[in-house]
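# Chains, contacts and geometry: an overview
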Amino acid sequence: MSSDTNSHVSLPDLSAAAAEVTRLLEGVRDDQLDAPTPCPKYPVRDLISHIWGLSGAFQDSARKDFGPSTSTPPGSVPPPELPADWRDSLPARLAAMAEAWRDPAAWEGDTRAGGVTLPAAVMGRVGLDELVVHGWDLAKATGQAYRPAQCDLEESYAFLAPSKDDPSARSEAFGPAVAVPEGAPLLDRLIGMSGRNPAWTP
């Protein structure tokens, strides 16, 4: 992990989360592409398309290479058409996204994604949370085991926790938090905080 020179705390490394999403993509069957996911508007095909889009947007955000990929609010346009070669090209995009955020300069100053400008140190954590939560979505939708890194769960939970009881801070990215017992596994508590039901089934 790299070190934030401004706050002297460790910065997240997106590599494990990107690798876990890649592992899950390898387990998606063609006959599952139209299956439902915990994202009500997204079948598996559109969830993968969304991951395709965010992998490019957050790569550009890390590099502060602003343009259409970073200026388009999520949900304002339909998910892009899933490329025919997604099984090969999307893992490469995920790896490039993680690699872009390994540069300490990516975490400095302000940057943009989804049409929103934020401190880069916040935006990088948004990107990590996107991978962690959508990894769970994909695992649930396709009947696969989900194996996120503990440090990624802790980072994402800490990132989302301040918005739990503040609807204005949740924007359109998350629905109302779902109540989960305090003694539940961290993954379940994180998923509940993201507005999803940890007990969701297809």
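An account of the accompanying structure is given in this report. (Residues numbered from 1 in each chain as written. Predicted model: local features only at pLDDT ≥ 70, side-chain atom pairs only at ≥ 80, totals over all residues. Heavy atoms only, no water.)

With that settled, consider the overall build of the protein chain. Within the protein chain one finds eight helices and two strands. Seen in sequence order, the protein chain has helices and strands lined up from the N terminus as α-α-α-α-β-β-α-α-α-α. Of all 202 residues assigned to the protein chain, the portion counted as buried reaches 47%. Long-range contacts, defined as pairs at least 24 residues apart, comprise 68% of the intrachain contacts of the protein chain with a sequence gap of at least 6. Carbon and sulfur atoms make up 54% of the accessible area of the protein chain, which amounts to about 9,900 Å² in all. (Helix = DSSP H or I, 4+ residues; strand = E, 2+ residues; numbered from the N terminus. Buried < 20%, exposed > 50% of the residue type's maximum accessible area, 1.4 Å probe, protein only. Contact = heavy atoms within 4.5 Å. Areas by Shrake-Rupley, 256 points an atom, 1.4 Å probe, with all protein chains shown as cover.)

Let us now look at the pattern of salt bridges. Under the definition given, this model contains eight salt bridges. We note a salt bridge from Glu20 to Arg23, for which the minimum N-O separation is 2.7 Å. With a gap of three residues between them, Glu20 and Arg23 both fall in helix H1 (residues 15–26), about one helical turn apart. Among the salt bridges present, the one from Glu99 reaches Arg102, with a minimum N-O distance of 3.9 Å. Within this structure, Asp13, Glu99 and Arg102 form a network of salt bridges that share partners. (Salt bridge = Lys/Arg side-chain N within 4 Å of Asp/Glu carboxyl O.)

Positive phi, close to 55 degrees, is recorded for Lys64, a residue that is not glycine. Inspection of the secondary structure puts Lys64 in the loop between helix H2 (44–63) and helix H3 (68–71). Judged by relative accessible area, Lys64 falls into the partly exposed class, the value being 28%.

Counting 50 residues, the largest nonpolar core has Ile48, Trp101 and Leu131 as its most contacted members. Where this core is concerned, the elements lending two or more residues are H1, H2, helix H4 (86–100), helix H5 (120–142), helix H6 (150–160) and helix H8 (186–193). Among the elements that line this core, the one with the most residues is H5, at nine residues. Non-local contacts of Ile48, meaning those with residues more than four positions away in its chain, are made with Leu25, Val28, Leu33, Leu82, Trp86, Leu90 and Leu138. (Core = buried A, V, L, I, M, F, W, Y, C linked by side-chain atoms within 4.5 Å.)

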